[in-house]
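Working through the structure, step by step
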Amino acid sequence: MSHWDYRVVRRVIAGEPELSIHEAYYRDDGSVRAITEDPVGVHGSTMEELVDDSNAYFRALDKPVLDYDSICDTSARPADDHDTPPGQRHATDTKDPDQ
């Protein structure tokens, strides 16, 4: 079953490395299918939801860092991957070592 979580992503902007947290979406086999194009923050409707989301956000720090530039542009996604929404970059077929 496919799922998502937060992941740290390395990106070079204006020649400077930057780390940020993105949502990562996975295929059933555990490989990264897509990440959000832009970093995301924590959110919730209640304090409990905010705490839960914050905890999920910080768990990303314990996982291997993904490289933004190794993730393909959405225009290059395979023809059979119609469920990658706008605002996400389609990922390579490399299996995630955590999965």
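Residues numbered from 1 in each chain as written. Predicted model: local features only at pLDDT ≥ 70, side-chain atom pairs only at ≥ 80, totals over all residues. Heavy atoms only, no water.

Okay, unusual backbone geometry next. The phi angle at Ala14 is positive, at roughly 55 degrees, despite the residue not being glycine. On the secondary structure map, Ala14 appears in the loop between β1 (4-13) and β2 (16-26). (Helix = DSSP H or I, 4+ residues; strand = E, 2+ residues; numbered from the N terminus.)

The share of residues in the protein chain with pLDDT of 70 or more is 71%, and the mean pLDDT across the chain is 80. For the protein chain, per-element mean pLDDT is lowest for strand β5 (residues 88-90), which scores 54, and highest for helix α1 (residues 47-59), which scores 97. Contacts of residues 73-79 to residues separated by more than four positions or lying in other chains number 8 contacts, the stretch itself having pLDDT below 50. Predicted confidence is poor over residues 92-99, with pLDDT under 50, and the contacts of this stretch with residues over four places away or in other chains come to 22 contacts. (pLDDT = per-residue confidence, 0-100. Contact = heavy atoms within 4.5 Å.)

Here the focus is the pattern of salt bridges. Overall, the coordinates contain 1 salt bridge when judged by the stated rule. In this structure, Lys63 and Asp5 form a salt bridge, with 2.5 Å as the shortest nitrogen-oxygen distance. Separated by 58 residues along the polypeptide, Lys63 in the loop between α1 and β4 (66-67) and Asp5 in strand β1 bring together distant segments of the chain. (Salt bridge = Lys/Arg side-chain N within 4 Å of Asp/Glu carboxyl O.)

Turning our eyes to something else, we now look at the nonpolar core. With 8 residues, the main nonpolar core is built from Val9, Ala24, Tyr26, Val32, Ile35, Leu66, Tyr68 and Ile71. Secondary structure elements with two or more residues in this core: β2 and β3 (32-36). When residues no more than four places from it in sequence are discounted, the contact partners of Leu66 are Arg7, Val8, Val9, Arg10, Ala24, Val32 and Ile35. Membership of the second largest hydrophobic core comes to 7 residues, among which are Ile21, Val40, Ala56 and Ala60. (Core = buried A, V, L, I, M, F, W, Y, C linked by side-chain atoms within 4.5 Å. Buried < 20%, exposed > 50% of the residue type's maximum accessible area, 1.4 Å probe, protein only.)

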